[in-house]
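# Secondary and tertiary structure notes
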Amino acid sequence: MSIILNGNNVDHQEGVNTVEQLLSHYHLENRIVVVEVNKEIVMKENYKTMSLSHGDVVEIIHFVGGG
Amino acid sequence: MTNRYSRQELFLGSKAQAKIKEASVIIIGAGALGSASAEMLARAGIGRLTIVDRDYVDLSNLQRQQLYTEEDVRNQLPKAIAAKTRLEQINSEIIINSFIQDVNGLNIEELIEDHSVIVDATDNFETSLIVNDAALKHRIPFLFGACVGSYGLTYPIIPGETPCLHCLLNHLPMDGMTCDTVGVISPIVQITAALQVTQVLQILSGETLFPMLQSMDIWKNEKAEINVTQLKNKLCPTCGEHPSYPFLLFENQMKTDVLCGRDAVQLRPGLKPKTYSLPYLLERLKNHVTNPVLNRYLLSCKFEDYRIVFFEDGRSIIHGTNEAKKARAVYKRFIQFY
């Protein structure tokens, strides 16, 4: 399945089908993040159930400390 | 003589330039982001610029903290002092105030009072949340920014309009989000600060800022942008209908922070810190420390296996450990000489 993540085409192997799985794939599961799928923000309680489809446009922004 | 702001005025217009001259901007933190923002804002002619920082200049800062020099490192000057000196060389026509302080829930409101815009340049998310509370309470625009590695993000908080920083949290912040582990390269600092300063100029020019959370990774050449309007939370403890400003609640305790990438811990005494005489402290300690450096603002010396930097308000930075517990014990042994 390929999605557009932060502007880039990325292919994920099997096992990355939901927002939750996508976040843990990038080790962001414990971070403060805002996730948008096809221009709609996904609330945290829906990370588990929100499944991703081929061609979805996903934006993930995570917070950092530092400056 | 041509006007020093002529190029900027051609772009922004004379009305906006007049607003810039009347404006007062406070920058919280004078590390990498704070140095970059402060220099741009001073050159832009912001009428009154306030800098707050808790740290002093270290050799490892010079790679990206553009206001500082090797001489500042040798003199172990507090960043607030070194920044003010440099900014006054850049623009002598503006007022620059600086404070050597650790921003916390107790002092932030007094610091930001009478400012038109607040720029975030802290090195930790917890302090950003304290500033966010104060900004919302006093209805002052607050421009969040942070960066680490090659990644940075910004978000403008306009009280009464955009969701605040607190609305954006999907869970409470945890440790391990600072630059300790990954380092940082200077181009991302410049980009992040440039976005924040652009937002300052837009606010002062009367432009509308939209609640866009923006991030970029300069190494991967990757950008993201999310309009977070829908995250505005009516029940938000900071900007909701019944705000309680939880991050301004005061902790009457010694506070410890592990410092960004420094193998060091900062300790801050609780309520009503007293003022220490640093020459007296050094006199008492002279048989127990080596390589002391004393200036008007701090005493730095080697004590046991640690390098201790002690400020006159009792705040201290202990180098050689990143364990809070160990640092507290060293501090106690050190201060008993006073």
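The model shown is predicted, which means the values in this text are computed figures rather than measured ones.

### Quick word on the packing of helix 3 (residues 32-44) of chain B against helix 5 (residues 79-90) of chain B
Residue and element names in this part refer to chain B.
- Contact geometry of helix 3 with helix 5 gives a least axis separation of 9 Å together with a crossing angle of 30 degrees. Here helix 5 runs roughly parallel to helix 3, going by the angle between their axes. Between helix 3 and helix 5 the crossing geometry is right-handed. Here helix 3 contributes Ala38, Glu39, Ala42 and Arg43 to the contact with helix 5, which in turn contributes Arg86, Leu87 and Ile90.
- Broken down by class, the residue content of the contact of helix 3 with helix 5 amounts to 4 nonpolar, no polar and 3 charged.

### Points about unusual backbone geometry
Residue and element names in this part refer to chain A.
- Even without being a glycine, Asn6 presents a positive backbone phi close to 45 degrees.
- Note on placement: Asn6 falls in the loop between strand 1 (2-5) and strand 2 (8-11).
- Given the relative accessible area of 9%, Asn6 is considered buried.
- We note that His27 has phi near 55 degrees; this positive angle belongs to a residue other than glycine.
- By the secondary structure assignment, His27 is in the loop between helix 1 (19-25) and strand 3 (33-37).

### Quick notes on the domain arrangement of chain B
All names here are of chain B.
- Per the domain assignment, the segments making up chain B are domain 1 (6-248) and domain 2 (255-335).
- Here the C-alpha centroids of domain 1 and domain 2 sit 28 Å apart.
- The interface is formed by 20 residues belonging to domain 1 together with 20 residues belonging to domain 2.
- Summing both sides of the interface, domain 1 and domain 2 together bury roughly 1,700 Å²; the carbon and sulfur share of this comes to 51%.
- Between Arg268 and Asp102 there is a salt bridge whose closest N-O contact spans 2.6 Å.
- Counting across the domain 1 and domain 2 interface gives 9 residue pairs in polar contact (both at pLDDT 80 or more).
- The class makeup of the residues in the side of domain 1 that touches domain 2 is 8 nonpolar, 6 polar and 6 charged.

### Focus on the nonpolar core
- If you look at the biggest cluster of nonpolar residues, it comprises 45 residues, and the most contacted ones within it are Val25, Ile27, Leu41, Leu49 and Val200 of chain B.
- Ile157, Cys167, Ile226 and Leu248 of chain B belong to the second-largest nonpolar core, a separate cluster that totals 44 residues.

### Some words on the sheet that holds strand 3 of chain A
- Pairing in this open sheet of 5 strands is mixed, and the strands run 2-1-5-3-4 (chain A) from one edge to the other. Two strands close off the open sheet at either side, each with one partner strand: strand 2 and strand 4 (40-41) of chain A.

### Concerning the interface of chain B and chain A
- Contact residues are listed per partner, giving 38 residues for chain B and 25 residues for chain A.
- Roughly 2,600 Å² of surface becomes buried between chain B and chain A when both sides are summed, with 62% attributable to carbon and sulfur atoms.
- Linking chain B with chain A are 0 salt bridges, by the criterion used here.
- Those elements that provide at least two residues to the side of chain B that touches chain A are helix 3, strand 5 (142-148), strand 6 (151-157), strand 7 (212-217) and strand 8 (222-227) of chain B.
- Top element by residues in the side of chain B that touches chain A is strand 8 of chain B. It accounts for 6 residues.
- The residue inventory of the side of chain B that touches chain A, partitioned by class, reads 23 nonpolar, 11 polar and 4 charged.

### Observations regarding the side chain of His62 of chain A
- Its location among the elements puts His62 of chain A in strand 5 (residues 57-62).
- Judged by its relative accessible area of 16%, His62 of chain A is buried.
- Excluding residues that lie within four positions of it along the chain, His62 of chain A makes contacts with Leu28, Arg31, Ile32 and Val33 of chain A together with Tyr151 and Leu153 of chain B.

Quick notes on the rules
- Residues numbered from 1 in each chain as written.
- Chains lettered and ligands numbered in written order.
- Predicted model: local features only at pLDDT ≥ 70, side-chain atom pairs only at ≥ 80, totals over all residues.
- Heavy atoms only, no water.
- Axes fitted to C-alpha atoms, helices over the stretch in contact; angles between N-to-C directions.
- Helix = DSSP H or I, 4+ residues; strand = E, 2+ residues; numbered from the N terminus.
- Parallel < 35°, antiparallel > 145°, perpendicular 65-115°, else oblique.
- Left-handed = near helix turned anticlockwise from the far one by under 90°.
- Contact = heavy atoms within 4.5 Å.
- Nonpolar A, V, L, I, M, F, W, Y, C, P; charged D, E, K, R; others polar.
- Buried < 20%, exposed > 50% of the residue type's maximum accessible area, 1.4 Å probe, protein only.
- Domains from an automatic or database assignment.
- Buried area = accessible area lost by both parts, 1.4 Å probe.
- Salt bridge = Lys/Arg side-chain N within 4 Å of Asp/Glu carboxyl O.
- Polar contact = N/O pair within 3.5 Å; in protein donor to acceptor, adjacent residues only side chain to side chain.
- Core = buried A, V, L, I, M, F, W, Y, C linked by side-chain atoms within 4.5 Å.
- Pairing = 2+ DSSP bridges.

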